[in-house]
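Here's the letter readout for the chains.
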Amino acid sequence: MVAVAAAALFLRLDTGPVTALFQASVISYLALLERVIPYDREWHPSRGEWGRYLIYFLLTVAGSVVAQFLVAALVGIFSPADPKLPLWADIPSALAVGSLASYLLHRLSHANPLLWRLHGIHHVPDKVNVGNNGVNHILDIVLSQGVVQLSLALLGFSQEAVFAVGLFVITQGYFTHANIDVHIGVLNHLLVSPEQHRLHHSTDLSEAGHYGSDLAVWDKMFGSYTWYTGRKPAQVGLHDPASFPRTDAVLASQVQLWRRRAVSDRQPV
């Protein structure tokens, strides 16, 4: 990730194609690792699930494009050509701001009934793998990515910093969902890992904290860090599976926001 970011910035490459190619490479690499060092073989996607995950992935990409379009003008206005901070300070600062914005919105999405109707779709699968990282409601992606990008734009971070942080977010987003048996030890107190994020998908709401998607420091700071060495979820998915359509009902998942039935499966914060 660092090498790709450095090369793209040094060579002044078009960041759009670089980001797309990098994302495809990350997914392919982690999907391969899931076969080589799986955490749970029962969590491997079937061919049918891969097909459905592809549809959700395309919806996620569409949501990302919409979010980028909505904030593009603001990014152009507020991202200075000559930022006040040098790039070595601009990038970690942008990472901290974007990560905090993502954490706060994610946590709110588990507490607010309306936001949960969008975000809960991501928690429907009863397995966690690199494929179903893209199982989302398109409006959830528009909102989450729009808020993060807008916060970075309004604070005037450089477009180079936003690009570099975007690569980190992509890496962490797929890594934390990967069905791979890895342990990062003491780094769990700084970075989100698959060890932690599986608990976030737990059906036991008392242990399903970990709202950070990239940095673990916010969960430590705000009391939502529940993982300890060796802790594993007994089961992942929804606490109330009947509250959302099944993942294979793609259209129903996208329109369930307007269902009359109230969705009560909210997680404590």
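Preceding block: the structure.
Residues numbered from 1 in each chain as written. Predicted model: local features only at pLDDT ≥ 70, side-chain atom pairs only at ≥ 80, totals over all residues. Heavy atoms only, no water.

### Considerations on the packing of helix α1 (residues 2-10) against helix α7 (residues 159-177)
Part 1 of the argument: One can describe the packing of α1 onto α7 by two numbers: an axis separation of 9 Å at closest approach and a directional angle of 155°. Taken together, the axes of α1 and α7 lie roughly antiparallel to each other. In this structure, α1 meets α7 at a crossing whose hand is right-handed. Contacts between α1 and α7 involve Val4, Ala5, Ala8 and Leu9 on the former and, on the latter, Glu160, Phe163, Ala164 and Leu167.
Part 2 of the argument: Looking at the contact of α1 with α7 residue by residue, the class counts come to 7 nonpolar, no polar and 1 charged. (Axes fitted to C-alpha atoms, helices over the stretch in contact; angles between N-to-C directions. Helix = DSSP H or I, 4+ residues; strand = E, 2+ residues; numbered from the N terminus. Parallel < 35°, antiparallel > 145°, perpendicular 65-115°, else oblique. Left-handed = near helix turned anticlockwise from the far one by under 90°. Contact = heavy atoms within 4.5 Å. Nonpolar A, V, L, I, M, F, W, Y, C, P; charged D, E, K, R; others polar.)

### What to know about the environment of Pro86
Part 1 of the argument: By the element assignment, Pro86 lies in the loop between α3 (47-78) and α4 (87-109).
Part 2 of the argument: Given the relative accessible area of 37%, Pro86 is considered partly exposed.
Part 3 of the argument: The spatial distance from the C-alpha of Pro86 to the C-alpha of Ser158 is 9.6 Å, given a sequence separation of 72 residues. (Buried < 20%, exposed > 50% of the residue type's maximum accessible area, 1.4 Å probe, protein only.)

### A few points about the nonpolar core
Part 1 of the argument: Grouped together as the largest cluster of nonpolar side chains are 17 residues, with contacts concentrated most on Leu30, Phe163, Tyr174 and Ile180.
Part 2 of the argument: Breaking this core down by element, the ones donating at least two residues are α1, α2 (15-36) and α7. (Core = buried A, V, L, I, M, F, W, Y, C linked by side-chain atoms within 4.5 Å.)

### Side note on the layout of surface pockets
Part 1 of the argument: Roughly 360 Å³ of volume is contained in the second largest pocket.
Part 2 of the argument: Every residue lining the second largest pocket is counted, 17 residues in all, and those nearest its centre are Val124, Pro125, Asp126, Arg246 and Thr247.
Part 3 of the argument: Of the residues in the lining of the second largest pocket, the class split is 7 nonpolar, 4 polar and 6 charged. (1 Å grid on protein atoms, 1.4 Å probe; cavity = no way out; pocket = protein on both sides within 12 Å on 5 of 7 lines; lining within 4 Å. Points joined across faces, edges and corners; volume = space filled by probe spheres on them.)

### Describing the side chain of Glu195
Part 1 of the argument: Relative to the elements of secondary structure, Glu195 occurs in helix α8 (residues 194-200).
Part 2 of the argument: Among buried Asp, Glu, Lys and Arg side chains, Glu195 stands out as unpaired, with Arg198 the closest opposite charge at 6.5 Å.
Part 3 of the argument: Of note is the side chain of Glu195, whose polar atom sits 3.2 Å from the side chain of Asn188.
Part 4 of the argument: Apart from the residues lying within four places of it in its own chain, the contact partners of Glu195 are Val182, His183, Ile184, Gly185, Asn188 and Trp227. (Lys, Arg positive; Asp, Glu negative; His and termini not counted. Salt bridge = Lys/Arg side-chain N within 4 Å of Asp/Glu carboxyl O. Polar contact = N/O pair within 3.5 Å; in protein donor to acceptor, adjacent residues only side chain to side chain.)

### Describing the side chain of Asp214
Part 1 of the argument: Tracing the backbone shows Asp214 in the loop between α8 and α9 (217-222).
Part 2 of the argument: No salt bridge forms around the buried Asp214; measuring N to O, its nearest opposite-charge neighbour Arg107 is 14 Å away.
Part 3 of the argument: For Asp214, the side chain forms a polar contact with the side chain of Ser99, separated by 2.5 Å.

### What about the packing of aromatic side chains?
Given two aromatic rings, their pairing is described by the distance between the two centres and the angle made by the two planes.
Part 1 of the argument: What the rule picks out here adds up to 5 aromatic pairs.
Part 2 of the argument: Taking 5.3 Å as the distance between ring centres and 45° as the angle between the ring planes, the aromatic pair formed by Tyr39 and Trp43 counts as tilted.
Part 3 of the argument: Residue classification places Tyr39 among the partly exposed residues on the basis of a relative accessible area of 22%.
Part 4 of the argument: The exposure class assigned to Trp43 is buried, which follows from its relative accessible area of 9%.
Part 5 of the argument: Aromatic rings pair up to connect Tyr103, Tyr211 and Phe222 into one cluster.
Part 6 of the argument: Sitting above the plane of the Tyr225 ring, Lys220 keeps its charged end 4.4 Å from the centroid. (Phe/Tyr/Trp six-rings, centres within 6.5 Å; stacked < 30°, edge-to-face > 60°. Lys NZ or Arg CZ within 6 Å of the ring centre and 35° of its normal.)

### What about the pattern of salt bridges?
Part 1 of the argument: Following the criterion strictly, the structure yields 3 salt bridges and no others.
Part 2 of the argument: Here Lys127 and Glu49 are joined by a salt bridge, their closest N and O atoms 3.1 Å apart. Taken together, the residues span a long stretch of sequence, with Lys127 in the loop between α5 (113-119) and α6 (138-154) and Glu49 in helix α3 at a distance of 78 residues. Of the two residues examined, Lys127 and Glu49, each falls in the buried class.
Part 3 of the argument: Asp248 is the partner of Arg246 in a salt bridge, and the nearest nitrogen-oxygen pair spans 3.7 Å.
Part 4 of the argument: What makes Arg246 exposed here is its relative accessible area of 61%.

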